[in-house]
Number of protein chains: 2
Amino acid sequence: MNIGIVGLGLIGGSIGLRLQALKHNVFGIVNNESNQKQAIERKLATHVTQDLNVLKKCSLIFLALPIRDLIKPNKELIETIPEDSIITDVASIKDPIIKTWENLHPLFIGSHPMAGNEHKGVNAGTVDLLENAKWVITTTPKTDMDSVKILSNLIKSMKCEVIFANPSIHDKATSLISHLPIFLASSLIHTAHSKEDQVLTNLALKIASSGFADTSRVGGGNSDLGRDLAEFNQKNILNGIKKLKANLEEFEEIIEENNLLRLFDKLEKAKDLRSKFLN
Amino acid sequence: MNIGIVGLGLIGGSIGLRLQALKHNVFGIVNNESNQKQAIERKLATHVTQDLNVLKKCSLIFLALPIRDLIKPNKELIETIPEDSIITDVASIKDPIIKTWENLHPLFIGSHPMAGNEHKGVNAGTVDLLENAKWVITTTPKTDMDSVKILSNLIKSMKCEVIFANPSIHDKATSLISHLPIFLASSLIHTAHSKEDQVLTNLALKIASSGFADTSRVGGGNSDLGRDLAEFNQKNILNGIKKLKANLEEFEEIIEENNLLRLFDKLEKAKDLRSKFLN
């Protein structure tokens with residue numbers, strides 16, 4: 001299959017590596033010479049180019065672009081994509097992207113692989129990032145179901161699990177499990193770094209270990225992404241922050257009262273729930 | 001060296017495995033038969049017993065007990081420990097433990113290895129948990145510095161880095177980098193599990209991936225520990241929650257205003273700070 005990937009960053013590059021391992025002919029588009037050179041060195045696609053015209057040969061195209069470039073896509077991209085190619089994106093917000101692209105292309109399908117780490121750019125993709133990942137496909141009444149079948153089979157061949165969802169519910173769910181953690185982790189880092197007490201901060205900096213590393217990990221990621229999420233999934237994220245604050249306030253109250261039974265229960269409940277999330 | 005370890009849970013068991021690899025003669029104390037059987041099977045100490053009297057042979061003793069058992073130690077333990085043995089603990093709170101033990105034993109030194117995971121009990125310890133860990137030794141005017149030298153050399157021989165700190169500053173620092181993350185992670189789990197919207201919760205449960213797993217990890221740990229921390233490091237943890245809420249409220253305000261420049265700056269600042277914490 002001739003497959004196009006527009007953007008060879010963390011997700012685009014990982015898809016490129018995985019599809020080549022499955023013997024597909026992959027056309028990867030980058031936006032400048034330096035990225036082109038590195039993407040070629042890292043073999044992120046069979047052909048790496050800055051020329052959008054190669055997309056005319058592709059029957060399926062992944063738009064692995066930043067959210068803001070998906071919501072305001074450039075004209076040349078829209079004009080070059082063939083009408084009969086299947087198009088999907090990989091962004092962690094679906095509703096506003098689908099609203100844009102369903103009006104631009106008859107075979108657009110919103111999708112979202114649930115994988116990531118704190119790296120970005122053409123040096124970030126790896127062949128195993130997507131292994132065993134869950135990959136959400138969001139359908140609407142306008143979605144072409146024959147195209148969904150083809151995309152879904154391709155995703156499964158990449159050893160990912162396909163999950164179907166409604167776009168708005170997807171955006172609410174990702175706001176809780178994926179976007180909120182970014183602002184929470186970032187808040188934790190700011191909290192742990194006290195400006196007023198340098199002695200305390202010096203010790204905290206020295207002894208922070210695996211617990212802090214894990215809890216703060218997604219606060220060390222791509223700030224452009226965090227900003228785009230806040231702009232385009234604003235309402236859901238604000239709801240998430242409100243709920244999180246309410247839970248923190250409940251802990252605050254319980255700890256203040258020294259209500260050790262209730263505290264133990266709330267901790268134990270979270271522990272049980274966590275195992276449901278990660279089964 | 002004859003070394004005693006009272007309690008062969010996650011930390012005690014890991015110390016036991018590590019000290020045996022260094023050819024020390026390790027006496028491990030457990031509190032019941034079933035733990036004794038498993039600890040023997042897992043070879044957590046050279047000798048595993050329920051009999052505190054073996055401590056009389058030990059020149060150095062690790063009290064790897066739950067915080068509440070250190071703050072209210074049982075009489076038999078106090079009476080059995082020899083006056084001329086060096087005693088240390090491994091708990092992540094120092095001030096109240098030191099206040100108790102400095103009055104009970106002339107050679108007590110508060111210490112705290114910065115390592116852990118979500119497991120507990122005699123099945124949890126591993127030989128590599130403490131590898132390259134930072135290990136805080138807290139001294140006070142009463143601390144015997146010859147004993148500190150011996151303990152510190154032993155810790156270094158276990159491939160850990162010794163860091164000296166004042167007990168109260170230690171307790172403030174761990175409240176931020178280690179205790180606060182527990183209540184934060186627990187709050188995130190409760191937030192992501194909406195009771196009102198089952199469809200949303202079902203999707204969130206299905207698609208939660210590595211970001212959620214990492215951010216919530218310490219919320220899946222030992223609830224007894226979380227409760228003890230909240231009881232015995234109450235003031236510092238409450239301060240941490242207050243600061244954290246203020247940071248979340250700043251994000252809330254910035255996102256509400258759609259102030260994308262300020263948002264990017266706050267995310268970028270956290271990212272830079274994080275790399276300082278983990279260097």
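First things first, this report covers the structure right here in the doc. Computed from a predicted model, the values in this text were never measured in an experiment.

Some words on helix α7 (residues 167–192) of chain B
Residues and elements named next belong to chain B.
So, point 1. Here α7 contains 26 residues, and its C-alpha end-to-end distance of 36 Å stays within 8% of the 38 Å for a straight helix at 1.5 Å per residue.
So, point 2. Largest kink in α7: about 50°, centred on S175.
So, point 3. Counting buried residues along α7, 22 of its 26 residues qualify, which places the element largely inside the surrounding structure.
So, point 4. A distance of 2.8 Å separates the backbone nitrogen of S168 from a side-chain oxygen at the start of α7, and that oxygen is part of N166.

Side note on the interface of chain A and chain B
So, point 1. Each side of the interface is counted separately: chain A has 88 residues, and chain B has 88 residues.
So, point 2. Roughly 8,900 Å² is buried in total at the junction of chain A and chain B, and carbon and sulfur atoms are behind 69% of that figure.
So, point 3. Linking chain A to chain B there are nine salt bridges.
So, point 4. In this structure, the salt-bridge partner of K245 of chain B is E252 of chain A, at a minimum N-O distance of 2.9 Å.
So, point 5. At the junction of chain A and chain B, the tally comes to 24 residue pairs in polar contact (both at pLDDT 80 or more).
So, point 6. Counting only elements with at least two residues in the side of chain A that touches chain B, the list comes to β7 (134–138), β8 (161–165), α7 (167–192), α8 (198–207), α9 (210–216), α10 (223–232), α11 (234–257) and α12 (260–277) of chain A.
So, point 7. When residues of the side of chain A that touches chain B are assigned to their parent elements, the largest contribution, 19 residues, is made by α7 of chain A.
So, point 8. Across the side of chain A that touches chain B, the residue classes tally to 42 nonpolar, 23 polar and 23 charged.

A few points about the packing of aromatic side chains
So, point 1. Enumeration over the complete set of coordinates arrives at eight aromatic pairs over all chains.
So, point 2. Both rings, one in F62 of chain A and one in W135 of chain A, keep their centres 6.1 Å apart while their planes meet at 55°; by these two values the pair is tilted. Linking F62 of chain A in strand β4 (residues 60–63) with W135 of chain A in strand β7, this pair joins segments that are 73 residues apart in sequence. Assigned by exposure class, F62 of chain A and W135 of chain A land together as buried.
So, point 3. Measuring from ring centre to ring centre gives 4.7 Å for F277 of chain A and F212 of chain B, while their planes differ by 40°; the resulting arrangement is tilted. In this pair, F277 of chain A sits in helix α12 while F212 of chain B sits in helix α9 (residues 210–216), so the two residues belong to two different chains. We note that F277 of chain A, like F212 of chain B, is buried.
So, point 4. Note that K266 of chain A overlies the ring of F251 of chain A, its terminal NZ or CZ placed 5.2 Å from the centroid.

Here is what the cut-offs are and how they apply
Residues numbered from 1 in each chain as written. Chains lettered and ligands numbered in written order. Predicted model: local features only at pLDDT ≥ 70, side-chain atom pairs only at ≥ 80, totals over all residues. Heavy atoms only, no water. Helix = DSSP H or I, 4+ residues; strand = E, 2+ residues; numbered from the N terminus. Expected span 1.5 Å × (residues − 1). Bend = angle between axes of the 7 residues up to and from the residue. Buried < 20%, exposed > 50% of the residue type's maximum accessible area, 1.4 Å probe, protein only. Polar contact = N/O pair within 3.5 Å; in protein donor to acceptor, adjacent residues only side chain to side chain. Contact = heavy atoms within 4.5 Å. Buried area = accessible area lost by both parts, 1.4 Å probe. Salt bridge = Lys/Arg side-chain N within 4 Å of Asp/Glu carboxyl O. Nonpolar A, V, L, I, M, F, W, Y, C, P; charged D, E, K, R; others polar. Phe/Tyr/Trp six-rings, centres within 6.5 Å; stacked < 30°, edge-to-face > 60°. Lys NZ or Arg CZ within 6 Å of the ring centre and 35° of its normal.

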